[in-house]
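# Chain and residue survey
Spelled out, the chains give:
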Amino acid sequence: MTSLLLQITTTAADTTAALAEGAETGPESVRLIDLALAGGWAMIPLALLSLAAIYIFVERFLTLKKAARNPDGFNDRIKRMVLAGDINGAKMLCAQTNTPVSHMIEKGLTRIGNPLKNIETSIENVGKIEISRLEKNLSALATIAGAAPMLGFLGTVTGMISAFIAIAQAEGSVSPKLLSGGIYEAMVTTAAGLIIGLPAYVGYNYLVSKIDSIVHAMEYSSIEFLDLLQEPQL
C-alpha cells in the first residue's frame, strides 16, 4: 500500500514538472503591435482608411443629430403665426431653429403671394439641397466599407506570394515554423480589412436610416405647410 502511494506521488510530481517545463518553453504570446507590423505595406493604407471611416462616421453622426433636433410644437407655432398674418415672426422662428425642416418652411414663407405651384417647387429645391448636405461623405464611407476587405485580401495574396518564395528558396526541408509563420503573417491584412470594413458597413447603414427618418420629417412638414397655404383664411 505504501509503495502504491509513493508511486502515485512520484507520478504526480513528474506531471507537474512536465507542465511547468512546457509552460516555460511554450510559444511566446504575439503582441497586437507585432501582428500589425507583420502585415506589411497593406497595413498603412488600412490604417488610413480606418481613421477616415471614424472621422466620417463621427462627423455625420453629429450633423444628423443636430438636423433631427426639431423643437416641440414648431409646426404648430408656424401655423398660428401664418394664420395670424405674422409672416416675419414665422421667418424669424425658422431662422432661429436652423434645421432642414426650418430652411424649407422659411423658403416657402418668402414665396407667399406667388402661385402655389411655385411655392411647392421652391420648397422641393431647398429640400434637395438639404438632403445633399445630409448625405455628404456617405459615399466615401460606403467605399471604405467595400475597399478595406479587398485591400486586406490583396495584402494577404502578396504576403502569401512572398512566403512561398521564401519557402522555395530555403535549402533542405522546410520547417513547419517557417511555413506557418509566413501564412499567419499574410492573413493579418485580411483580418484587419474585415475589422475595418464591417463596422464601416454597419455605420453606413445606420447613417442612411437616420437620413431616411429626417427626410420623412421634411416631407411631412412641407406637405403640412402647403396644406396650410390652401386654407380659406389665407
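Parameters at a glance
- Residues numbered from 1 in each chain as written.
- Predicted model: local features only at pLDDT ≥ 70, side-chain atom pairs only at ≥ 80, totals over all residues.
- Heavy atoms only, no water.
- Helix = DSSP H or I, 4+ residues; strand = E, 2+ residues; numbered from the N terminus.
- Contact = heavy atoms within 4.5 Å.
- Phe/Tyr/Trp six-rings, centres within 6.5 Å; stacked < 30°, edge-to-face > 60°.
- Buried < 20%, exposed > 50% of the residue type's maximum accessible area, 1.4 Å probe, protein only.
- UniProt positions renumbered as here; feature names shortened; annotations may be inferred.
- Core = buried A, V, L, I, M, F, W, Y, C linked by side-chain atoms within 4.5 Å.
- Axes fitted to C-alpha atoms, helices over the stretch in contact; angles between N-to-C directions.
- Parallel < 35°, antiparallel > 145°, perpendicular 65-115°, else oblique.
- Left-handed = near helix turned anticlockwise from the far one by under 90°.
- Salt bridge = Lys/Arg side-chain N within 4 Å of Asp/Glu carboxyl O.
- pLDDT = per-residue confidence, 0-100.

### Regarding the overall build of the protein chain
A tally of regular secondary structure across the protein chain gives 9 helices and 0 strands. When the helices and strands of the protein chain are read in sequence order from the N terminus, they spell out α-α-α-α-α-α-α-α-α. Counting contacts in the protein chain only where the partners sit at least 6 residues apart, residues at least 24 apart contribute 77% of the total.

### Considerations on the packing of aromatic side chains
All chains considered together, the criterion is met by 3 aromatic pairs. When the ring of F57 is compared with that of Y206, the centres are 6.3 Å apart and the planes differ by 45 degrees; the resulting orientation is tilted. With F57 in helix α3 (residues 43-68) and Y206 in helix α9 (residues 176-229), the pair connects residues that are 149 residues apart, well separated along the chain. Accessibility expressed as a relative area gives 28% for F57, which makes it partly exposed. The class of Y206 is partly exposed, set by a relative accessible area of 35%. Their ring planes at 25 degrees and their centres at 6.3 Å tell us that F61 and Y206 sit as a pair that is stacked. You can see F61 sitting in helix α3 and its partner Y206 sitting in helix α9, a full 145 residues away along the chain. Residue classification places F61 among the partly exposed positions, given a relative accessible area of 30%.

### Considering the UniProt feature "transmembrane region" (unreviewed entry) in the protein chain
Per the UniProt record, "transmembrane region" (unreviewed entry) is annotated on residues 38-58, 138-167 and 187-208. What you have in residues 187-208 is 100% helix and 0% strand, and the ends, taken at the C-alpha atoms, are 32 Å apart.

### Section: the nonpolar core
One finds L46, F74, I78, I105, L109, L134 and F225 to be the most contacted residues of the largest nonpolar core, which totals 40 residues. For this core, the secondary structure elements donating two or more residues are α3, α4 (74-83), α5 (87-97), α6 (100-110), α7 (116-134), α8 (138-169) and α9. In terms of residue count, the dominant contributor to this core is α9 (13 residues). Apart from the residues lying within four places of it in its own chain, the contact partners of F225 are I105, G108, L109, I119 and I123.

### Details of unusual backbone geometry
The phi dihedral of N98 is positive, around 55 degrees, even though this residue is not glycine. Tracing the backbone through its elements, the reader meets N98 in the loop between α5 and α6. Take N98: its relative accessible area is 41%, and that puts it in the partly exposed class. Phi at N137 takes a positive value of approximately 70 degrees, unusual for a residue other than glycine. By secondary structure assignment, the location of N137 is in the loop between α7 and α8. Looking at N137, the relative accessible area reads 30%, which means it is partly exposed.

### Focus: the packing of α4 against α5
The N-to-C vectors of α4 and α5 enclose an angle of 160 degrees; their axes lie 8 Å apart at closest approach. As far as their axial angle goes, α5 and α4 are roughly antiparallel. Our pair here, α4 against α5, has a crossing hand that is left-handed. Within the contact between the two elements, α4 uses F74, R77, I78, M81 and V82 and α5 uses I87, G89, A90, L93, C94 and T97.

### As for the pattern of salt bridges
A complete count under the given rule lists 2 salt bridges for this structure. A salt bridge links R60 to E59; its shortest N-O distance comes to 2.8 Å. Overall, the relative accessible area of 4% leaves R60 in the buried class. Ionic pairing is found between R133 and E130, a salt bridge with its closest N-O pair at 3.3 Å.

### With respect to the confidence of the model for the protein chain
Overall, the prediction assigns the protein chain a mean pLDDT of 79, with 76% of residues at 70 or greater. When pLDDT is averaged over each element of the protein chain, α3 comes out on top at 92 and helix α1 (residues 2-25) at the bottom at 41. Low pLDDT, under 50, characterises residues 1-28; the stretch is placed with 0 contacts to residues that sit more than four places away or in other chains.

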